[in-house]
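# Topology and contacts: notes
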Amino acid sequence: MLTRRIIPCLDCRDGRVVKGVKFQGLRDAGDPPTLAHAYELQGADELVLLDVSATPDGRATAVETVRKVREVLSIPLTVGGGVRSAENARKLLEAGADKVGVNTAAVENPKVIRDIADQFGSQCSVVALDAARRLDGAGWEVVILSGKKRTGLDAIDWAAKVVEFGAGEILLTSWDRDGTRSGYDLELLSAVSKVTNVPVIASGGAATPQHLLEALDAGADAVLAASIFHDGEYTVQTIKQFLTDRKVPIRP
Amino acid sequence: MAEAPKVAVIRTGLANLASVLAGLRRAGADPFVTEDPSDVGRSPYVVLPGVGAFGPAMERLNDSGMADRLRERYEAGRPTLSVCLGLQLLHASSEENPGVEGLGIIQLHIRKFPSTLRIPQLGWNEVRPESSAAYLQLGYAYFANSFHAPSVAEGWTPAHTTYGVNFVSAIERGAWLACQFHPELSGDWGLQLLKNWLSLAPSRIVKSEVKAC
């Protein structure tokens, strides 16, 4: 039976792991290969490396960071942040990413999803879908540019569309919950997982093992979290034990 | 300590080879990427990786002459590891690109997973080998596949996995090992499998015949 995945996320800038709330007030949290290896030893099923650099120099560093992480990592690695073209994706895949996440560029030019799927296969084409509750409360809209811009695009329709364009997986982040430690947006998660047949990774808002359990119950195939692991509050191992005790299929 | 064994990794196109190269290095090998069919003929170890689609990959193997060298290598029984799409390419055909002939080393067909499942299968699933397997052990492996081998060819020892349906997740015969999952992404268990194959395969050579399609 396919097990559910626990995925720590490393936000990286200029070759270092950083942490902060909604990319504000970033603090240094360590060396990417060291942290990546530590998470693998704890039982992480996969890692996401999100490049939050704001400059071209930072982007070039990200490729180097991927290369260093790959040498020590024996589990899958998804890399996202600033990917604008199949050419950007190729550089990251050649450096050792197994999947590439596209966010803003996918909204501005959906063909980039198709290009990546055609050249490298749907299984490496991840669409990072950032959604926020509409201001009038009716449903969710897609947000881009790290949450700075509301697009008006319906998030549920967009989830169904990216699969038609060739996405092999959706990384779904609730922009309302991200950094709030109030749990994943379960309604959003359940709505998205119903309209697509590709795996959905839940992201944004996790603070306790219970939150991860709720997301998996709501239809997530995998759960992503950053701060609860970085702060050392929980290890991947303790969370896996919590989920296994509650009959969730988890890799031992 | 003995010298690190040279492993020729076939470039099948735009596949990401970094993970498979890093995995082989961690297993103690000295891998290199090749597009030269003569490397497939002479290298002590060959890896046929594969990310992408069945049809385009077969076209490249045929055009480059790699396909014939791989069939000869199978007949000679020399150590060869096929990963993911690599396993599927050994077969006669695939539902992914009907009408395209595979390498035909295995005269069986590759099928798509039922559409009631989430596709691709992405994640860790249990691999259950038959007890006579030389390289494979019980454990969890990382899969990223939409297609699968439903049945086992005669003369091969299988491992099975369940994703909605029961499918063949790996096969071995002599010095040949083919995995639907990614050993290079399957943690310590995958690393041990690569080590097993590197150390045991040279002493397990079995000659075979590829039947004409």
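Above this text is the structure in question.
Everything in this summary refers to the structure shown in the same document. (Residues numbered from 1 in each chain as written. Chains lettered and ligands numbered in written order. Predicted model: local features only at pLDDT ≥ 70, side-chain atom pairs only at ≥ 80, totals over all residues. Heavy atoms only, no water.)

Looking only at helices and strands, chain A has 10 helices and 12 strands in total. Its C-alpha atoms give chain A a radius of gyration of 17 Å, near enough to 18 Å, the size a compact globule of 252 residues would have. For chain A, the spread of C-alpha atoms along the three principal axes comes to 40 × 40 × 40 Å. Residues counted as buried form 56% of the 252 residues belonging to chain A. Here the analysis covers contacts within chain A between residues at least 6 apart in sequence; of these, 64% occur between residues at least 24 apart. Put simply, chain A shows about 9800 Å² of open surface, and 51% of that area lies on carbon and sulfur atoms. Charged side chains in chain A number 30 positive and 34 negative. The centres of these two groups are separated by 1 Å. (Helix = DSSP H or I, 4+ residues; strand = E, 2+ residues; numbered from the N terminus. Rg over C-alpha atoms; globule rule 2.2 N^0.38 Å. Buried < 20%, exposed > 50% of the residue type's maximum accessible area, 1.4 Å probe, protein only. Contact = heavy atoms within 4.5 Å. Areas by Shrake-Rupley, 256 points an atom, 1.4 Å probe, with all protein chains shown as cover. Lys, Arg positive; Asp, Glu negative; His and termini not counted. Charge placed at Lys NZ, Arg CZ, Asp CG, Glu CD.)

Between chain A and chain B, the residue contacts involve 37 residues of the former and 29 residues of the latter. For the pairing of chain A and chain B, the buried interface totals around 2600 Å² over both sides, and the portion due to carbon and sulfur atoms is 54%. It is L2, S74 and Q123 of chain A in chain A that bury the most area against chain B; as a group they hold 23% of the surface buried on that side. Where chain A meets chain B, there are two salt bridges. (Buried area = accessible area lost by both parts, 1.4 Å probe. Salt bridge = Lys/Arg side-chain N within 4 Å of Asp/Glu carboxyl O.)

What follows is about empty space enclosed by the protein. Space left empty within the atom packing is revealed by a probe, the size of a water molecule, rolled over the atoms. In this structure the tally under the stated criterion is four cavities of 30 Å³ or more. For the largest cavity, the lining is made up of 20 residues, of which D98 of chain A together with N16, V51, H182 and L185 of chain B are closest to its centre. Residues belonging to the lining of the largest cavity are distributed by class as follows: 12 nonpolar, five polar and three charged. (1 Å grid on protein atoms, 1.4 Å probe; cavity = no way out; pocket = protein on both sides within 12 Å on 5 of 7 lines; lining within 4 Å. Points joined across faces, edges and corners; volume = space filled by probe spheres on them. Nonpolar A, V, L, I, M, F, W, Y, C, P; charged D, E, K, R; others polar.)

Moving on to the side chain of R70 of chain A. Take R70 of chain A: it is sitting in helix α2 (residues 56-72). Here the side chain of R70 of chain A touches D98 of chain A through a polar contact of 2.7 Å, side chain to side chain. Once residues within four sequence positions are removed from consideration, R70 of chain A is found in contact with I75, L77, A95, G96 and D98 of chain A together with A18, S19, A22, R26 and L185 of chain B. (Polar contact = N/O pair within 3.5 Å; in protein donor to acceptor, adjacent residues only side chain to side chain.)

Looking now at the sheet that holds strand β2 (residues 30-34) of chain B. Residue and element names in this part refer to chain B. The nine strands lie next to each other as β2-β1-β3-β4-β12-β11-β10-β7-β8, forming an open sheet whose pairing is mixed. Edge strands, defined here as strands with exactly one partner in the open sheet, are β2 and β8 (139-145). Each neighbouring strand pair of the sheet contributes to a mean axis angle of 25°, computed without reference to strand direction. Here strand β4 (residues 80-83) pairs with strand β12 (residues 176-179) via four bridges, running parallel. Across the sheet, residue L81 finds its bridge partner in β12, namely L177. Docked against the sheet, helix α4 (residues 66-76) engages β1 (6-10), β2, β3 (45-48), β4, β11 (165-173) and β12, running at close to 125° with respect to β3. Against the sheet, helix α6 (residues 187-200) makes contact with β1, β3, β4, β7 (121-129), β8 and β12, and its axis sits at roughly 140° relative to β3, the strand it touches most. (Pairing = 2+ DSSP bridges. Axes fitted to C-alpha atoms, helices over the stretch in contact; angles between N-to-C directions.)

Residue and element names in this part refer to chain B. According to the stated counting rule, one finds 11 aromatic pairs over all chains in the structure shown. Judged by centre distance (5.1 Å) and plane angle (80°), the rings of Y74 and W176 are edge-to-face. One end of the pair, Y74, is in helix α4; the other, W176, is in strand β12, with 102 residues separating them in the sequence. The exposure classification of Y74 matches that of W176, with both residues buried. Both rings, one in F143 and one in F167, keep their centres 5.8 Å apart while their planes meet at 80°; by these two values the pair is edge-to-face. Highlighted residues: F143 in strand β8 and F167 in strand β11, separated in sequence by 24 residues. When sorted by exposure, F143 lands in the same class as F167, which is buried. Each residue in the set F113, F143, Y163, F167, F181 and W189 is aromatic and connected to the rest through ring pairs, giving one cluster. (Phe/Tyr/Trp six-rings, centres within 6.5 Å; stacked < 30°, edge-to-face > 60°.)

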